[in-house]
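Each chain, written out:
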Protein chains: 2
Amino acid sequence: MSEFRQNLVTNEWVVVAVERARRPHDFVGVKPTKTLPEHSETCPFCPGNEKETPVAVYRYPSEGNWQVRVIPNKFAALKPLESLEREQVGRYLKFGGFGYAEVVVETPKHNQTLGTISIDEAYQVMLAYKARYDILSADQRIDLVTIFRNHGERAGTSLEHPHSQIIATPLVPLRVRSQLEETQRYSANFGTCVFCDIIKEELKDGRRLVLETEHFVAFEPFASRSPFETWILPKRHQSVFGTIHLNELQDMAKIVRDVLYKIHTGLENPDYNLILQSAPTKEDDVDYYHWYIRIIPRLTTPAGFEMGTGIYITTAYPEETAEFLRKVDVPQ
Amino acid sequence: MSEFRQNLVTNEWVVVAVERARRPHDFVGVKPTKTLPEHSETCPFCPGNEKETPVAVYRYPSEGNWQVRVIPNKFAALKPLESLEREQVGRYLKFGGFGYAEVVVETPKHNQTLGTISIDEAYQVMLAYKARYDILSADQRIDLVTIFRNHGERAGTSLEHPHSQIIATPLVPLRVRSQLEETQRYSANFGTCVFCDIIKEELKDGRRLVLETEHFVAFEPFASRSPFETWILPKRHQSVFGTIHLNELQDMAKIVRDVLYKIHTGLENPDYNLILQSAPTKEDDVDYYHWYIRIIPRLTTPAGFEMGTGIYITTAYPEETAEFLRKVDVPQ
């Protein structure tokens, strides 16, 4: 027996395939663990090697040894000096690679991750996110600021030093636009924000809950695309990340650190992507969208069927993976 | 310098990032080559082990040693006996995993691939695709038949024996629906099929062409999502694969085999996904959609930015990868 489940946000269907289902503990330790040094001479993000990277656009503390540094990406795919003017190439359109691409070096320690540093240290990372979001979204040419974290080779990074990335783009991509349309339709039907409704549902049901804090809730979505997909949502309705209050930001540091700790420890350091999905910068007060964080452990490989249809086949029940994660203790 | 390029079919943008650009030959042999035996005792798809798989729904020749076998997937994610009735779970919808999931065993030889068998053998595989497409699309509960091929572990398969898969679903997924909407809008504006226009453009421009046969054209798309993405399109307008003529099918065997041969030989057996994107079964004669084949070598890893925005960053120019593939000779 298997079942189709619908993602209430995107209206996409996934298949939970139980014929090949695996228990949550089958996903533990799929990757061999490698022990890293606290400092690496050859790492461009380690203290002492700052001259190998562009000048920081943000650092904390502002003087002395830094805890967090934000730098323009040395190998930036997008740069702020390119032209936005569309050019016709035969029947096709192109324009310059305008935008911003930055790296948030999260800690001076080479062998830590956002899931293992202290909550106060994680708060400094969240403050850096917010500081850069504010600056980048103030550029009128920018339409979307995407904050994300690739952890491990299967998640698309070969750099070991703990870091996040921020990319600001001069367009709202079709995927984001399509999600906005679906949530707008939901709001027109029900008069409510679909994410606010999902929070209520998950708190009431409880089976997919992973963690709840004063201002946030973390759970495995009903229509998870892959095993251990985890969402973190702010309880207060806010369409873009930039409008978060500082007391919420501090609480966000706790829940993000704790959820990543549970994944890191419980699954023995799997590769994963973390993505902060926010509304476009100019839709900063709409009632139909709600920013949220998606964490996607790279434990399975999307193949031709997923690429062709967008229907993901997952081999674990979110109710079971949530139970597994709830049981992993976190340090204070 | 990098640039945004627009996919004329989906209206999605990709970034060609030249700062980190690599030359086509940098992608050769990224995976260690493994020598396989022509027959494996433990392989469920090898001759002699037929009883380890469900009974064939198609085989050629019908008697004696088979060349091609189509069997229901033993670990099917979808099955034809599930219920289509929607069920409400809290605020969410679910229904049974209804559908068909089949495996096309392409040749009895364990160590071949669709790119290395003869054109006549490849034609038998295309005939099997067509036979099953016809049967599955005749089921009125089915809305889409997806034929695809996962080659290698990075493409999501651990089975070595050459095979394709067919999955028939009782819904048109949002991703396919969204592509239909975009192409319909193009057709409303220009009065033509966007794919037919792309064929004209690629034949005229020539820089991205890989191969042309009597009935097909293969090229690297202007807005390639990743290095060596290759499209194969039938020249005659047809919205679903099922309406192909047999002389075209024979020509399709040649171009698919030859393109895969070029990729297999030129890049030293990279992992890849091949997807036949067809219109929904009931939209079998629409003027705005045109079925086509996408081949996506898994040479790079989509990460958080791609997952969050749908904007793919590629590190190779399709004009250069096409030139590379044009130079790889194919056997007659």
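The present account deals with the structure reproduced in this document. The model shown is predicted, which means the values in this text are computed figures rather than measured ones.

Bringing the overall build of chain A into the picture now. Helix and strand content of chain A: six helices and 15 strands. Radius of gyration (C-alpha) of chain A: 20 Å, near the 20 Å computed for a compact globule of 332 residues. Seen along its three principal axes, the alpha-carbon backbone of chain A occupies a region of about 55 × 50 × 40 Å. The buried share of chain A, reckoned over its 332 residues, is 50%. Taking as baseline every contact in chain A between residues at least 6 positions apart, the subset at least 24 positions apart corresponds to 70%.

Take the interface of chain A and chain B next. Many authors give the size of an interface as the accessible area that is lost as the parts come together. Across the boundary between the two partners, chain A contributes 63 residues, which contact 63 residues of chain B. The residue makeup of the side of chain A that touches chain B, split by class, is 30 nonpolar, 20 polar and 13 charged. Both strand β1 (residues 2-6) of chain A and strand β6 (residues 92-96) of chain B contribute to a ladder of three bridges, which runs antiparallel. From the neighbouring strand, Phe4(A) faces β6(B), where its bridge partner is Phe95(B).

For the match of chain A to chain B, the screw axis carries a shift of 0.0 Å, the RMSD comes to 0.0 Å, and the turn is 180°. The superposition of one copy onto the other is thereby described by a two-fold rotation axis. Judged by C-alpha distance, Ser178(A) is the residue of chain A that lies nearest the rotation axis, at 4.2 Å. Same-surface contact between copies: 100% of interface residues of chain A are shared with the interface of chain B.

The subject of this paragraph is the pairing of strand β1 (residues 2-6) of chain B. Residue and element names in this part refer to chain B. Of all five residues in β1, four are buried, a share of seventy percent or more. Judged from the five bridges that link them, β1 and strand β2 (residues 13-17) form a sheet pairing that is antiparallel. For arginine 5, the partnering residue across the bridge sits in β2 and is valine 14. What sits between the antiparallel neighbours β1 and β2 is a turn of six residues, in which asparagine 11 has the positive phi angle 65°.

Residue and element names in this part refer to chain B. For helix α3 (residues 194-205), which comprises twelve residues, the first-to-last C-alpha distance of 16 Å matches the rise-based estimate of 16 Å (1.5 Å per residue) to within 8%. Residues Val194, Phe195, Ile198, Ile199 and Glu202 constitute the buried set of α3. End-on view of α3: buried residues confined to an arc of 145°, all on one side of the axis. Against the buried residues of α3 lie α2 (174-190), β10 (209-212), β11 (216-219), β12 (230-234) and β14 (292-297). Of the residues trailing α3, glycine 206 is marked for its positive phi of about 80°.

What follows deals with the sheet that holds strand β15 (residues 312-314) of chain B. If you walk across this open sheet you meet the five strands as β5(A)-β6(A)-β1(B)-β2(B)-β15(B), and the pairing is mixed. In this open sheet, the two strands that pair with only one neighbour each are β5 (87-89) of chain A together with β15 of chain B. Across the sheet, the axes of successive neighbouring strands diverge by a mean angle of 30°, strand direction being ignored. Inspection of the sheet shows β5(A) paired to strand β6 (residues 92-96) of chain A by three bridges, in the antiparallel sense. Paired with Gln88(A) across the two strands is Leu93(A), which belongs to β6(A).

Moving on: the packing of helix α1 (residues 119-137) of chain B against helix α4 (residues 246-266) of chain B. All names here are of chain B. Running from N to C, α1 and α4 cross one another at 120°; their axes reach a closest spacing of 8 Å. When the interaxial angle is binned, α1 and α4 end up oblique. When the axes of α1 and α4 are compared, the crossing they make is right-handed. Along its contact with α1, which presents Ile119, Ala122, Tyr123, Met126, Leu127 and Lys130, the element α4 presents Leu249, Gln250, Met252, Ala253, Lys254, Val256 and Arg257. For the contact of α1 with α4, the per-class residue count stands at nine nonpolar, one polar and three charged.

Another aspect to go through is α4(B). Taking 1.5 Å of rise per residue, 21 residues should cover 30 Å, and α4(B) covers 30 Å from first to last C-alpha, within 8% of that figure. Looking at the residues trailing α4(B), positive phi occurs at Glu268(B), about 60°.

On to the sheet that holds strand β4 (residues 68-72) of chain B, then. Residues and elements named next belong to chain B. One open sheet holds the ten strands; their spatial order is β3-β4-β7-β9-β8-β13-β14-β12-β11-β10, and the pairing between them is antiparallel. Either end of the sheet is taken by a strand with one partner, and the two such strands are β3 (58-60) and β10. The average undirected angle you get between the axes of adjacent strands in this sheet is 15°. The pairing of strand β13 (residues 272-277) with β14 spans six bridges and is classified as antiparallel. Across the sheet, the residue bridging to leucine 274 is isoleucine 295, located in β14.

Criteria and thresholds
- Residues numbered from 1 in each chain as written.
- Chains lettered and ligands numbered in written order.
- Predicted model: local features only at pLDDT ≥ 70, side-chain atom pairs only at ≥ 80, totals over all residues.
- Helix = DSSP H or I, 4+ residues; strand = E, 2+ residues; numbered from the N terminus.
- Rg over C-alpha atoms; globule rule 2.2 N^0.38 Å.
- Buried ≥ 20, exposed ≤ 12 C-beta atoms within 10 Å, placed from the backbone.
- Contact = placed C-beta atoms within 7 Å.
- Nonpolar A, V, L, I, M, F, W, Y, C, P; charged D, E, K, R; others polar.
- Pairing = 2+ DSSP bridges.
- Least-squares fit on C-alpha atoms with pLDDT ≥ 70 in both.
- Expected span 1.5 Å × (residues − 1).
- Arc of directions from axis to C-beta.
- Axes fitted to C-alpha atoms, helices over the stretch in contact; angles between N-to-C directions.
- Parallel < 35°, antiparallel > 145°, perpendicular 65-115°, else oblique.
- Left-handed = near helix turned anticlockwise from the far one by under 90°.

Without other data, these values stay purely geometric and don't point to any function.
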